[in-house]
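Working through the structure, step by step
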Amino acid sequence: METLIKSIEELQKYVKINKSTDFETYQQFLIDAQDKYITPYIGQSLIDKLITETADKLRSHICRALGPFSLALATDEFSINVGESGHTVTRTEKLAPASDAKIAKATESLFNRGWSNLDNALRYLQSNIANYPEWKDVSISISTRLFDNATEFQEKGLVDIDNSPLTFHHLRMLVLRIETSETFKLLPDDMKNNFDKSASEDITTSMQAYTGSRVAALHTSQSTKTQRTSGAQSQIEFKPIIRPLYSDMQYTGNYFDEQADFWRNTLDEALIAAEKKEAGEGTVKYNSSERRIFVATATRS
């Protein structure tokens, strides 16, 4: 398989590695890193295009991620020799093997650089999407019914994710779960089955803000917080981060929960207003178990 980085000289632009390293030995790590960390976000079609278009700025962005990822994968194996004598390390009068702690820190640093640079590559790709039609299918596959991308999730969902495409990508299944199991169930059946984001700004805005608040509340709750290991192992997979907000620091109440309640009430009001407008001023089109109109002076017959 062909990779975006094709030589040790090219790799040296992105990571610190000895020029005498055999590229054929190292290439297997480039292949694995490209398959594991690049292709799922970029797509094979776009990678195939960038392999031949060496002057493309996006290619440089991606290689800045691919280089650190590949070296991070190679670090542990490069720190030992495997031969007839089993697993050994190289030691000379001037050089001694690095400690496990230093190797772990170097690996963690490489993964951090890789994720950060990949995030920047995806930001660049999103802002120049018209120039990369090969990415269309991939971009659609990482969107949801209410949010097209990370920027829309941040601006309409009202959750600070630093406009990170990687964060949105890894939160996507939770976003879809909330949309399917909660948000769209708040709509009447006729609207639920034929929902159009552009049909009503008030309704869509409330749905997006409610979904964003619920996602943030679940992701930052103590009961669902993922236990993270220390060192390089915690960086092998990208960990999406949402900073928790507290309405009362003494009791650490999750403000996102309060916001979810607020936006659900706002959505109910927007739906009632929309139905009044459709059915005629002062009347309500439907009366479901979720929404009933009570009259204080009415008597039950």
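The structure this text deals with has already been given above.
Just so it is clear, the structure is predicted and the values come from calculations on it, not from any experiment.

Reading guide: rules and limits
Within each chain, residue numbers correspond to sequence positions counted from 1 in written order. Residue-level local features of this predicted model are given only where pLDDT is at least 70; pairs of side-chain atoms are given and counted only at 80 or more, and the full residue set underlies all totals for whole chains, interfaces and linings. The side-chain values count all of the structure's non-hydrogen atoms but skip hydrogen atoms and water molecules. Each axis is a line fitted through C-alpha atoms, and for a helix only the stretch in contact is used; angles between axes span 0 to 180 degrees, taken between their N-to-C directions. A run of DSSP states H or I qualifies as a helix once it reaches four residues; a run of E qualifies as a strand once it reaches two. Both are numbered from the N-terminal end. To sort the angles, those under 35 degrees are grouped as roughly parallel, those over 145 as roughly antiparallel, those from 65 to 115 as roughly perpendicular, and the leftovers as oblique. Any two residues whose heavy atoms approach within 4.5 Å at even a single point are treated as in contact. Asp, Glu, Lys and Arg are counted as charged, while Ala, Val, Leu, Ile, Met, Phe, Trp, Tyr, Cys and Pro are counted as nonpolar; the rest, among them Gly, fall into the polar class. The buried label goes to any residue with under 20% of its type's maximum accessible area, the exposed label to any with over 50%, and the partly exposed label to all in between, with areas taken from a 1.4 Å probe on protein chains only. The definition of a polar contact used here is a pair of N or O atoms within 3.5 Å, where within protein one atom must be able to donate a hydrogen and the other to accept one, and adjacent residues in sequence count solely through side-chain atom pairs.

Moving on, we come to the packing of helix H7 (residues 150-157) against helix H10 (residues 201-220). Where H7 contacts H10, the two axes come as close as 8 Å, and the packing angle between them is 100 degrees. Classed by the angle they form, the pair H7 and H10 counts as roughly perpendicular. Counting all contacts with H7, which are made through Glu152, Phe153, Lys156 and Gly157, the residues of H10 involved are Thr205, Gln208, Ala209, Gly212, Ser213 and Val215. Within the contact of H7 with H10, the residues separate by chemical class into three nonpolar, five polar and two charged.

Structurally, Gln27 is set in helix H2 (residues 23-42). Measuring from C-alpha to C-alpha, the distance between Gln27 and Ile8 comes to 9.2 Å, with 19 residues separating the pair along the chain. Setting aside residues no more than four positions away along its own chain, Gln27 makes contact with Met1 and Thr3.

Among all positions of H7, only Ala150, Glu152, Phe153, Gln154 and Gly157 are buried. Along its buried surface, H7 packs onto helix H8 (165-183) and H10. The residue sitting at the N-terminus of H7 and contributing the capping side-chain oxygen is Asn149; that oxygen lies 3.2 Å from the backbone nitrogen of Thr151. Once H7 finishes, Leu158 follows within two positions and takes phi at roughly 60 degrees, a positive value.

At Leu158, a residue that is not glycine, the phi angle is positive and equals roughly 60 degrees. One can find Leu158 in the loop between H7 and H8. The phi dihedral of Asn163 is positive, around 50 degrees, even though this residue is not glycine. Looking at the element boundaries, Asn163 is found in the loop between H7 and H8. Look at Asn163 and you get partly exposed, because its relative accessible area is 27%.

By themselves these figures say nothing about function.
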